[in-house]
Amino acid sequence: VQLQASGGGLVQAGGSLRLSCVASGSIFSINDMAWYRQAPGKQRELVARISSSGSTMYADVVKGRFTISRDNVKNTVYLQMNSLNPEDTASYYCNANLMKYDRRWGIYWGQGTLVTVSS
C-alpha cells in the first residue's frame, strides 16, 4: 500500500493551494483519511480528518479556511487551502486508516509535500 501526496508549493499570503493524496495497492476499504502537518522544529499536528461517510473535523487554526474532501472511487483525499498565511508553512502528510485484502487494518502515511507561504 502506498499513499502519494502532491500539490505543495510556494504561494503568497492570502493565496490558495490544493493538496491531493492517492492511496494505491491491495486496498479492500478505507476508513478515515486525514491530513497532518509538521513545521520546522514543531511536532506533527492534525489538520483535518474525514470519515468514509464524509464527516469532517478540523483543527481550530484552519477552520473556515481549509476544506477536506475525498473521492472514495479514486481512493483520494484532498485538502483545499484558502487564505493561507505564513504560519501554515509546513510539510503536509496524508494518512489513511485502511483494510488490506488480507483483512488487516493498518494506518498508512504518505510522504510529505512542502507548503511554503511567503509574507
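Peer 1: Residue-level account of the sheet that holds strand S8 (residues 76–81), with values.
Peer 2: Paired through backbone hydrogen bonds, the strands of a sheet run either parallel or antiparallel to each other. On the basis of which strands lie adjacent, the open sheet formed by four strands has the order S1-S3-S8-S7 and antiparallel pairing. Across the chains shown, the open sheet's two edge strands, defined by having one partner strand only, are strand S1 (2–6) and strand S7 (66–71). Here the average twist between neighbouring strands, direction ignored, is 15°. With six bridges joining them, strand S3 (residues 17–24) and S8 adopt antiparallel strand pairing. Paired with Leu 17 across the strands is Met 81, a residue of S8.

Peer 1: Just give me the short version of the state of the cysteines, but keep the residues and values in it.
Peer 2: Evaluated as defined, the whole model comprises one disulfide. Bridging Cys 21 to Cys 94, the disulfide has an S-S length of 2.0 Å. Disulfide Cys 21 to Cys 94: torsion about the S-S bond roughly 60°, handedness right-handed. Within this pair, whereas Cys 21 is found in strand S3, its partner Cys 94 is found in strand S9 (residues 90–100), the two being separated by 73 residues in sequence. Judged by its relative accessible area of 0%, Cys 94 is buried.

Peer 1: I'd like a rundown of the environment of Val 47, residues and numbers included.
Peer 2: Looking at the secondary structure, you find Val 47 in strand S5 (residues 45–50). Judged by its relative accessible area of 1%, Val 47 is buried. Placed 21 residues apart in sequence, Val 47 and Ser 26 show a C-alpha to C-alpha distance of 27 Å. Contacts of Val 47, omitting those with residues within four sequence positions, involve Trp 35, Tyr 36, Arg 37, Met 57, Tyr 58, Ala 59, Val 62, Phe 66, Leu 79 and Tyr 92.

How each quantity is defined
Residues numbered from 1 in each chain as written. Predicted model: local features only at pLDDT ≥ 70, side-chain atom pairs only at ≥ 80, totals over all residues. Heavy atoms only, no water. Pairing = 2+ DSSP bridges. Helix = DSSP H or I, 4+ residues; strand = E, 2+ residues; numbered from the N terminus. Axes fitted to C-alpha atoms, helices over the stretch in contact; angles between N-to-C directions. Disulfide = S-S within 2.5 Å. Buried < 20%, exposed > 50% of the residue type's maximum accessible area, 1.4 Å probe, protein only. Contact = heavy atoms within 4.5 Å.

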